[in-house]
There are 2 protein chains.
Amino acid sequence: MSKQTKLSLDISLLKEYVVDSDLTAMQPHIDSVRSALLNRTCAGADFLGWLDLPWSVESELPNIKKIAAEIRDNADHLVSIGIGGSYLGARAAIDFLADPFLCNDRVLYLGHHIGSDYTASLLDFVMQKNVYVNVISKSGTATEPALAFRLLLQELSRKYSRDELRRRVIATTDDDEGVLRNMVKTEGYRSFVIADDIGGRFSVLSPVGLLPIAAAGYDIDALLAGARDMAHWCKSESDVLANDALKYAAARHTLYNKGKDVEIFSSFEPSAHYIAEWWKQLFGESEGKEEKGIFPTSASLTTDLHSLGQFMQEGTRTLFETFFTVGKTKTEVVIPAVDGDADDLNFLRDKTVEHVNRQAYIATKFAHYEGDLPNMTIEIPSRDEYSLGQLFYFFEFAVAISGLLLDVNPFNQPGVEAYKQNMFAILDKPGYEDKKETLLKLIKGE
Amino acid sequence: MSKQTKLSLDISLLKEYVVDSDLTAMQPHIDSVRSALLNRTCAGADFLGWLDLPWSVESELPNIKKIAAEIRDNADHLVSIGIGGSYLGARAAIDFLADPFLCNDRVLYLGHHIGSDYTASLLDFVMQKNVYVNVISKSGTATEPALAFRLLLQELSRKYSRDELRRRVIATTDDDEGVLRNMVKTEGYRSFVIADDIGGRFSVLSPVGLLPIAAAGYDIDALLAGARDMAHWCKSESDVLANDALKYAAARHTLYNKGKDVEIFSSFEPSAHYIAEWWKQLFGESEGKEEKGIFPTSASLTTDLHSLGQFMQEGTRTLFETFFTVGKTKTEVVIPAVDGDADDLNFLRDKTVEHVNRQAYIATKFAHYEGDLPNMTIEIPSRDEYSLGQLFYFFEFAVAISGLLLDVNPFNQPGVEAYKQNMFAILDKPGYEDKKETLLKLIKGE
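All of these numbers come straight from a predicted model, not from anything done at the bench. Residue numbers here run from 1 along each chain, matching the order of that chain's written sequence. The order in which chains are written sets their letters, starting at A; the order in which ligands are written sets their numbers, starting at 1. In keeping with the predicted nature of the model, local features appear solely for residues at pLDDT of at least 70, side-chain atom pairs appear and are counted solely at 80 or more, and the whole-chain, interface and lining totals rest on all residues. Note that water and hydrogens are dropped before the side-chain values are worked out from all heavy atoms of the structure.

Caption draft 1: Here's a closer look at the overall build of chain A. Every helix listed is a DSSP run of H or I at least four residues long, and every strand listed is a run of E at least two residues long, numbered separately from the N terminus. Along the backbone of chain A there are 18 helices and 10 strands. Based on C-alpha atoms, the radius of gyration is set beside the globule rule, defined as 2.2 Å times the residue count to the power 0.38. The C-alpha radius of gyration computed for chain A amounts to 23 Å, which stays within 12% of the reference 22 Å derived for 446 residues, consistent with globular compactness. Principal axes of the C-alpha set define a box for chain A whose edges measure 60 × 60 × 50 Å. Burial classification: accessible surface area is computed with a 1.4 Å probe over protein chains only, and a residue below 20% of its type maximum counts as buried, one above 50% as exposed, and the rest as partly exposed. For chain A, the residues scored as buried account for 65% of the 446 residues in total. Expressed as a percentage of contacts within chain A between residues at least 6 apart in sequence, the contacts between residues at least 24 apart total 78%. Computed with a 1.4 Å probe, the accessible areas rest on the Shrake-Rupley method; for each residue, only the protein chains presented here act as cover. Here chain A displays about 14800 Å² of accessible surface, and carbon together with sulfur accounts for 47% of that area. In this tally, Asp and Glu contribute negative charge and Lys and Arg positive charge; neither His nor the terminal groups of the chain are included. To locate a charge, take NZ of a lysine, CZ of an arginine, CG of an aspartate or CD of a glutamate. For chain A, the separation between the mean place of its 46 positive charges and that of its 65 negative charges on side chains is 4 Å. By definition in these notes, contact holds between two residues if any of their heavy atoms fall within 4.5 Å.

This is the structure we're talking about:
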């Protein structure tokens with residue numbers, strides 16, 4: 001694989017905070033957690049299905065492609081119902097690859113929150129359209145998607161017969177248990193399986209992500225080829241200075257130990273908004289436990305240089321920054337010369353917009369460096385499926401190493417239950433009576 | 001004004017960190033900065049035009065409404081060109097008030113970044129549409145909007161005559177100076193003025209924000225009425241316990257002094273995404289200087305409870321949270337009972353989606369409270385212009401107080417220049433030759 005087509009990491013602008021000797025000093029620690037990961041003896045070893053997923057998912061591909069083609073041929077929109085890991089991966093890929101003004105709404109999203117007006121608006125909208133539904137939930141009991149699915153089924157049953165509706169619903173869920181699997185058995189929906197050993201935030205390369213991505217018209221073979229190549233690189237190289245995923249994990253760990261506990265994922269590609277959101281879940285949920293972890297946040301540049309830029313340049317110095325750049329955009333927009341140069345921009349004549357954006361990135365990373373904001377850059381070759389597949393796997397591997405370096409289980413998320421338990425209690429769900437009593441006392445300040 | 005129609009602040013779930021005695025102890029400090037603000041003797045006193053803006057803008061309203069009506073009657077879309085404060089206020093209002101699936105694209109945005117593919121896509125798209133343009137820039141020299149304006153003019157000149165194009169461009173800029181004002185003089189564009197004493201992030205209630213908001217079809221009279229009522233409340237009450245804007249500023253300051261240096265703006269209303277972005281600029285740019293300030297970030301709930309939720313509940317304890325809730329949504333979606341209850345959701349029968357979202361908020365704030373994440377809540381009565389006008393002014397007043405408590409000038413943004421200077425240098429803009437030499441040395445590591 002040539003350098004031109006591979007994701008790269010540049011840590012040269014971290015230099016006061018992270019130098020090569022910091023990283024090589026971590027090599028024994030890295031070796032230890034890397035071995036535990038690859039030998040499946042680490043914390044959370046029951047959730048390592050993602051490690052080989054770019055290969056193991058292959059048997060599912062014919063069925064995914066067939067149903068995706070059916071959706072593209074027969075529907076205006078696919079309504080994808082899911083939250084967290086059952087939502088962000090597909091949306092990250094689709095938004096990143098889509099044309100922002102022409103076709104990014106082939107897939108609509110529901111069940112990723114409980115917004116009343118949004119829900120009402122979508123329910124109205126789909127009544128005028130020809131739609132399929134992909135409901136994605138491991139258990140089927142997460143309130144947001146379950147509620148969205150109930151409401152959407154009710155609405156669509158006004159225009160589709162029960163048989164027609166059955167044909168238009170595809171469920172992605174547990175292979176045997178849970179209310180959604182039971183509905184599949186009863187109603188005869190077509191379905192895909194969410195494996196027991198793949199957590200939500202590591203599921204984008206499973207049918208959870210692949211079906212919506214394929215239904216939106218993107219090349220899942222290329223996506224998986226990128227992931228496979230990256231998986232090979234990540235797993236085969238043990239040297240922290242030679243393996244970018246290990247290097248990224250080690251650099252973050254070093255920064256964290258030096259008091260940098262907020263990481264800003266700063267993208268120069270506007271279509272990467274949901275890649276940042278996916279990254280935030282991956283890192284925040286994997287590391288943020290036991291009162292530890294780097295808080296993950298994001299910025300969209302150059303937009304946010306005119307909002308967060310002041311703080312990044314001169315505010316409280318607890319931040320570090322990870323730039324995300326794309327080597328090559330899909331289009332070339334050349335800047336014309338203008339007679340008279342009324343706007344003073346003729347110095348940019350014959351340059352491309354992409355070139356200007358590139359120079360803005362270089363200008364920014366050095367400005368931040370000089371402002372004592374240590375930063376590094378992850379660059380993918382181009383805005384395409386192959387590059388994106390690399391990126392997904394790169395971060396999954398890196399966060400596993402990073403979480404293990406922090407001595408937490410990177411694959412659980414015990415804290416997500418707290419609000420759910422309270423919500424079930426306050427909504428009078430059967431079985432939560434004791435929890436409700438405790439909560440009401442708290443609310444009353446007793 | 002009744003309690004039902006007024007913004008409210010609840011700080012009861014901060015209690016271990018901020019109690020009433022913390023706030024009353026700050027009363028002398030608050031009195032001092034409040035007097036300096038109202039007497040216009042504080043740092044940055046040349047930039048206090050926003051204080052009386054809800055009244056002073058009135059003379060502009062007839063012209064704004066007239067042009068907005070012309071745009072609505074004659075164009076499919078208004079392309080709004082601006083970045084930072086010339087972008088986020090209008091977008092915050094329009095997105096918050098719009099129906100997410102039916103009409104939120106009456107206004108399109110350009111010049112808020114340098115994304116090549118986005119720019120190319122928009123330029124293609126508008127060629128099929130009937131458009132007006134509002135270019136918003138104080139000086140006209142900010143690269144992003146200036147470049148976008150040049151490219152859009154070139155594209156539109158392929159289908160509109162020079163006279164026709166002149167009629168379709170409205171500039172919002174300095175009253176006398178700068179390249180954009182000069183273009184107004186030369187080309188005869190209609191224009192509005194960006195006053196010298198109103199910084200970008202405080203400009204949403206000026207023509208900068210009001211023209212796009214009115215062109216999108218929203219009621220700017222109601223918006224300003226809300227702002228005027230809030231301005232009256234903010235300015236007339238000096239007691240930190242009785243004035244919510246002072247209380248918010250004092251509570252944040254206390255949290256910051258206790259090591260909480262990241263504030264999460266957590267909204268339960270999905271349409272508030274750009275309100276969070278606007279808030280981030282307002283607070284980040286006003287406070288983040290001299291290596292001080294609370295880092296502003298945001299979450300969209302319940303979506304992000306399935307991504308950042310784990311970190312918020314159990315990660316590094318440097319965070320505090322400000323919930324943003326809306327008392328009343330526009331729609332009511334009732335949850336139906338289903339025979340057999342296959343999805344186990346009949347316990348929600350006959351409840352509304354809004355009710356469930358409300359309970360999710362209550363569940364979350366207590367879960368976070370119990371997880372040692374101090375939180376407070378800002379609630380506006382409903383998803384309408386009057387409520388939003390209150391919210392805008394509330395935050396503007398609060399950040400002025402908060403920045404002054406921190407002993408910084410809340411009205412400047414010196415750090416935003418750093419990347420701009422580097423960018424001009426690296427792009428060979430005339431006049432930046434020395435800067436370029438310095439930068440090249442840095443790049444080469446000399």
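Now that the structure has been shown, we can carry on.
Caption draft 2: A look at empty space enclosed by the protein. Residues and elements named next belong to chain A. A cavity here means a set of 1 Å grid points, computed over protein atoms only, where a 1.4 Å probe fits but cannot escape. A pocket is an open set with protein on both sides within 12 Å along at least 5 of 7 lines, and lining residues have an atom within 4 Å of a point. Grid points are joined across faces, edges and corners, and a volume is the space filled by probe spheres set on the points. Counted under the stated rule, the structure contains eight cavities of 30 Å³ or more. Reported here for the largest cavity is a volume of approximately 140 Å³. Residue lining of the largest cavity: 13 residues in total, with Phe 268, Val 326, Glu 354, Asn 357 and Arg 358 positioned closest to the centre. Broken down by secondary-structure element, the contributors of at least two residues to the lining of the largest cavity are β9 (319-328) and α15 (353-370). If you tally residues by element for the lining of the largest cavity, the top one is α15, at four residues. Three residue categories are used. Nonpolar comprises Ala, Val, Leu, Ile, Met, Phe, Trp, Tyr, Cys and Pro, charged comprises Asp, Glu, Lys and Arg, and polar comprises the others, including Gly. A per-class count over the lining of the largest cavity returns four nonpolar, six polar and three charged.

Caption draft 3: The interface of chain A and chain B, seen in detail. In this assembly, 121 residues from chain A lie in contact with 121 residues from chain B. When a carboxyl oxygen of Asp or Glu lies within 4 Å of a side-chain nitrogen of Lys or Arg, that pair is called a salt bridge. Viewed at the interface, chain B and chain A are joined by six salt bridges. In this structure, Arg 150 of chain A and Asp 343 of chain B form a salt bridge, with 2.6 Å as the shortest nitrogen-oxygen distance. The definition of a polar contact used here is a pair of N or O atoms within 3.5 Å, where within protein one atom must be able to donate a hydrogen and the other to accept one, and adjacent residues in sequence count solely through side-chain atom pairs. Taken together, chain A and chain B are joined by 41 residue pairs in polar contact (both at pLDDT 80 or more). At 14 residues, the largest contribution of residues to the side of chain A that touches chain B is made by α15 of chain A. Broken down by class, the residue content of the side of chain A that touches chain B amounts to 60 nonpolar, 34 polar and 27 charged.

Caption draft 4: Quick look at the packing of helix α5 (residues 88-97) of chain A against helix α16 (residues 385-405) of chain A. Residues and elements named next belong to chain A. Close contact between α5 and α16 brings their axes to 11 Å; oriented N to C, the two are set at 145°. The crossing of α5 and α16 is right-handed. Taken together, the residues of α16 that come into contact with α5 (itself represented by Gly 89, Ala 92, Ala 93, Phe 96 and Leu 97) are Glu 385, Leu 388 and Phe 392. Taken together, the residues of the contact of α5 with α16 sort by class into six nonpolar, one polar and one charged. Interaxial angle, 0 to 180 degrees, is taken between N-to-C directions of lines fitted to C-alpha atoms, where a helix line uses only the stretch in contact. Crossing handedness is read from the near helix: turned anticlockwise from the far helix by less than a right angle, it gives a left-handed crossing, and turned clockwise, a right-handed one.

Caption draft 5: Examining the packing of helix α13 (residues 273-287) of chain A against α16 of chain A more closely. Residues and elements named next belong to chain A. Across the interface, α13 lies against α16 with an axial gap of 9 Å and an inter-helix angle of 20°. With respect to each other, α13 and α16 are oriented roughly parallel. As α13 packs across α16, the resulting crossing turns out to be right-handed. Facing Ile 275, Trp 278, Trp 279, Leu 282, Phe 283, Ser 286 and Glu 287 of α13, the residues of α16 in contact are Leu 388, Leu 391, Phe 392, Phe 395, Glu 396, Val 399, Ser 402 and Gly 403. Of the residues belonging to the contact of α13 with α16, the class tally is 10 nonpolar, three polar and two charged. Throughout, the term roughly parallel applies to angles under 35 degrees, roughly antiparallel to angles over 145, roughly perpendicular to angles from 65 to 115, and oblique to all others.

Caption draft 6: Seen up close, the relation of the copies chain A and chain B. Expressed as a screw operation, the relation of chain A to chain B combines 0.0 Å of axial shift with a rotation of 180°, fitting to an RMSD of 0.0 Å. As the rotation angle and translation indicate, the two copies are arranged about a two-fold axis. Among all residues of chain A, the one whose C-alpha sits closest to the rotation axis is Thr 297 of chain A, at a distance of 3.5 Å. Looking at the interface residues of chain A, 100% of them are also at the interface in chain B, so both copies use one shared face. Least squares is used to superpose the copies, and the fit set is the C-alpha atoms of residues whose pLDDT is at least 70 in both copies.

Caption draft 7: Spotlight on the sheet that holds strand β6 (residues 190-193) of chain A. Residues and elements named next belong to chain A. Whether two strands pair depends on DSSP finding at least two bridges between them. Strand order in the open sheet formed by five strands is β3-β2-β4-β5-β6, and the pairing between neighbours is parallel. Each of the sheet's edge strands pairs with one partner strand only, and the pair in question is β3 (107-110) and β6. Pairwise comparison of adjacent strand axes, ignoring direction, gives a mean angle of 20° for this sheet. Direction of pairing for strand β5 (residues 169-173) relative to β6: parallel, over a ladder of four bridges. Among the inter-strand pairings, Ile 170 is bridged to a residue of β6, identified as Arg 190. Strands β4 (131-136), β5 and β6 of the sheet are contacted by helix α9 (residues 179-187), whose axis makes an angle of about 140° with β5.

Caption draft 8: Local environment of the packing of aromatic side chains. Working definition: rings of Phe, Tyr and Trp (its six-membered ring) pair if their centres are within 6.5 Å, and the pair is stacked with planes under 30 degrees apart, edge-to-face with planes over 60 apart, and tilted otherwise. This structure, assessed with the given rule, holds 49 aromatic pairs over all chains. Relative to Phe 283 of chain B, the ring of Tyr 248 of chain B has its centre 5.9 Å away and its plane inclined at 75°; by these criteria the two rings are edge-to-face. Note that Tyr 248 of chain B is positioned in helix α12 (residues 244-257) and Phe 283 of chain B in helix α13 (residues 273-287), a separation of 35 residues in sequence. We classify Tyr 248 of chain B as buried; its relative accessible area is 0%. The exposure class of Phe 283 of chain B is buried, given its relative accessible area of 0%. Note on Trp 279 of chain B and Phe 283 of chain B: the rings are 5.5 Å apart at their centroids and 35° apart in plane angle, and the pair reads as tilted. Here Phe 283 of chain B and Trp 279 of chain B lie together in helix α13, a separation of four residues that amounts to about one turn. Looking at Trp 279 of chain B, the relative accessible area reads 0%, which means it is buried. Members of the aromatic cluster, joined through ring pairs, are Phe 96, Tyr 248, Phe 265, Trp 278, Trp 279, Phe 283, Phe 324, Phe 392, Phe 394 and Phe 395 of chain A. Residue placement shows Arg 168 of chain B over the ring face of Tyr 160 of chain B; its charged tip is 4.1 Å from the ring centre. Remark: a charge is flagged as sitting over a ring if the NZ atom of Lys or the CZ atom of Arg is within 6 Å of the ring centre and within 35 degrees of the ring normal.

Caption draft 9: Focus on the side chain of Thr 173 of chain B. Residues and elements named next belong to chain B. By the secondary structure assignment, Thr 173 is in strand β5 (residues 169-173). For Thr 173, a relative accessible area of 0% corresponds to the buried category. Look past the residues within four positions of Thr 173 in its chain and what remains in contact with it is Ser 137, Lys 138, Leu 180, Arg 181, Val 184, Phe 192, Val 193 and Ile 194.

Caption draft 10: Expanded view of the sheet that holds β9 of chain A. Residues and elements named next belong to chain A. Read from one edge to the other, the open sheet built from five strands follows the order β1-β10-β9-β7-β8, with strand pairing classed as mixed. The sheet is open, and its two edges are formed by β1 (8-10) and β8 (295-300), each paired on a single side. Across the sheet, the mean angle from the axis of one strand to that of its neighbour is 20°, orientation sign disregarded. Those strands touched by helix α12 (residues 244-257) are β1, β7 (262-267), β9 and β10 (375-382), and its axis lies near 155° from that of β10. Contacting β7, β8 and β9, α13 runs over the sheet at an angle of about 170° to β8.

Nothing here speaks to function; it is geometry throughout.
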